[in-house]
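Examining the three-dimensional arrangement
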Amino acid sequence: MREPMSFRVFRWVVVVVLGLFTVVPLYAMLTSAIKPLGDVQGAFHWWPAHPTFAPFVQIWSTVPLARYFVNSLIVCTVSTVFSVIIAIFAGYAVSRYRFSGRRVFTGAVLSTQMFPGILFLLPLFLIFTNIDKTLGFTLLYQTRLGLIITYLTFSLPFSIWMLASYLDGIPRDLDEAARIDGTTTMGALFRVVLPAARPGVIAVAVYAFMTAWGEVLFASQMTNDSTKTLSIGLQNYSTAINVYWNQVMAASLVVSVPVVVGFLLLQKYLVAGLTSGSVK
């Protein structure tokens, strides 16, 4: 059935408008990043009169951006790895076994996504500070380990639900065939099921990493000067006497590169993982 001309025109109008909402801010960010500070603070011009790449060099010395980058990379990578590992075992158990309390467990896991993050800020703060006080040294509060555990509490529920949904779409006959061939349950999981569930696993990893990479609320309260992540470190370009807008824009572009590149490389797996189970 052929689409009406009016619908095609309307669709193109919507696409163009949404595209402008995305492209214009990115263009303004890029042009501001290659302007001297004086030009950025003056009247806005669509094309830089004195383009320079000095802000991309200055961002590393104005604030310890490299340290913030390392902190973010360590926290996000470790939390992603543990999120994927735990989600694999939990999702496999939920998908393949029928045990008492299964529906309650899946419902409780998914219901945690309904609550705002700030609701968990004070409880986690009290838990971490009390544990550190009991131990007599700082282990969790304002440390990378504490931030990793914090991010796990948010990425794990949705990761488990998403991976369990994906594993539901993989026939159980594969598990049974592997066991008939003499492998164990763990062998069937790692040798047969996981290779077939690769798009779902990658989708979970991308989701967990992106959730941790751009998180602001907990990073602002659970870190100090030595453990700050990028999302909080960018605020240091604003001082009491000046705001280095060109460096803010340059740093924002630099810290966006890992996520953007990773998303572009893995987007087909992410789409496959997110849409699995939506149509039976």
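Residues numbered from 1 in each chain as written. Predicted model: local features only at pLDDT ≥ 70, side-chain atom pairs only at ≥ 80, totals over all residues. Heavy atoms only, no water.

What follows concerns the overall build of the protein chain. If you tally the helices and strands in the protein chain, you get 13 helices and zero strands. Going from N to C terminus, the protein chain has its helices and strands arranged as α-α-α-α-α-α-α-α-α-α-α-α-α. The principal-axis extent of the C-alpha atoms belonging to the protein chain is close to 70 × 70 × 35 Å. Buried positions account for 36% of the 280 residues belonging to the protein chain. Contacts in the protein chain between residues at least 24 apart in sequence constitute 73% of all its contacts with a sequence separation of at least 6. (Helix = DSSP H or I, 4+ residues; strand = E, 2+ residues; numbered from the N terminus. Buried < 20%, exposed > 50% of the residue type's maximum accessible area, 1.4 Å probe, protein only. Contact = heavy atoms within 4.5 Å.)

What follows deals with the packing of aromatic side chains. Per the counting criterion, the structure on display carries 13 aromatic pairs. Measuring from ring centre to ring centre gives 4.9 Å for Phe154 and Phe218, while their planes differ by 50°; the resulting arrangement is tilted. Of this pair, Phe154 sits in helix α7 (residues 144-168) while Phe218 sits in helix α11 (residues 217-221), placing them 64 residues apart in sequence. Plain terms: the ring middles of Phe209 and Trp213 are 5.4 Å apart, the flat faces sit at 20° to each other, and that makes the pair stacked. Taken together, the residues span about one helical turn, with Phe209 and Trp213 both in helix α10 (residues 198-213) at a distance of four residues. Each member of the pair, Phe209 together with Trp213, is buried. Here the aromatic residues Phe115, Phe120, Phe154 and Phe218 are joined through ring pairs into a cluster of three or more. (Phe/Tyr/Trp six-rings, centres within 6.5 Å; stacked < 30°, edge-to-face > 60°.)

We now examine the side chain of Ser79. Its place among the elements puts Ser79 in helix α4 (residues 65-96). Given the relative accessible area of 1%, Ser79 is considered buried. Side-chain polar atoms of Ser79 contact the backbone oxygen of Val75, separated by 2.8 Å. Contacts of Ser79, omitting those with residues within four sequence positions, involve Ile148, Tyr151, Leu152 and Ala212. (Polar contact = N/O pair within 3.5 Å; in protein donor to acceptor, adjacent residues only side chain to side chain.)

Attention now moves to a nonpolar patch on the surface. Residues Met5, Val9, Phe10, Val13, Val14, Val17, Leu18 and Phe21 make up a contiguous nonpolar surface patch of roughly 780 Å² in combined accessible area. By secondary structure assignment, the location of Val17 is in helix α1 (residues 5-33). (Patch = residues over 30% accessible without salt bridge, like charges linked within 9 Å, V, L, I, M, F, W, Y side chains within 5 Å. Areas by Shrake-Rupley, 256 points an atom, 1.4 Å probe, with all protein chains shown as cover. Salt bridge = Lys/Arg side-chain N within 4 Å of Asp/Glu carboxyl O.)

So, on to the environment of Trp161. Residue position: Trp161 is located in helix α7. Trp161 sits in the partly exposed class, given a relative accessible area of 39%. Taking the C-alpha atoms as reference points, Trp161 and Val78, separated by 83 residues in sequence, lie 20 Å from one another.

The next thing to look at is unusual backbone geometry. Despite not being glycine, Gln142 has its phi angle at roughly 60°, a positive value. When you line up the elements, Gln142 lands in the loop between α6 (121-135) and α7.

Ranked by size, the top nonpolar core spans 51 residues in total, and within it Leu65, Ile88, Leu163, Leu167, Met222 and Tyr237 carry the most contacts. Put simply, the parts of the chain that give this core at least two residues each are α4, α6, α7, α9 (185-196), α10, α11, α12 (230-233) and α13 (245-275). Broken down by element, this core gets its largest block of residues, 11 residues, from α7. Not counting chain neighbours up to four residues away, the residues in contact with Leu65 comprise Ile59, Trp60, Leu230, Leu234, Tyr237 and Ala251. (Core = buried A, V, L, I, M, F, W, Y, C linked by side-chain atoms within 4.5 Å.)

Interaxial distance between α4 and α10 falls to 8 Å at its minimum, and their mutual angle equals 145°. Of the two possible hands of crossing, α4 and α10 adopt the one that is right-handed. Residues Phe69, Ser72, Leu73, Cys76, Thr77, Ser79, Thr80, Ser83, Val84, Ala87 and Ile88 of α4 touch α10, and the partners they reach there are Val201, Val204, Ala205, Ala208, Phe209, Ala212 and Trp213. Among the residues forming the contact of α4 with α10, the class breakdown is 13 nonpolar, five polar and no charged. (Axes fitted to C-alpha atoms, helices over the stretch in contact; angles between N-to-C directions. Left-handed = near helix turned anticlockwise from the far one by under 90°. Nonpolar A, V, L, I, M, F, W, Y, C, P; charged D, E, K, R; others polar.)

Here we take up the pattern of salt bridges. Scanning the model with the defined rule gives two salt bridges in all. Salt-bridge contacts for Asp175 lead to Arg96; the nearest nitrogen and oxygen are separated by 3.2 Å. Note that Asp175 is positioned in helix α8 (residues 173-180) and Arg96 in helix α4, a separation of 79 residues in sequence. Considered together, Asp175 and Arg96 belong to a single accessibility category, that of buried residues.

Everything listed here is a matter of geometry and, on its own, says nothing about what the molecule does.
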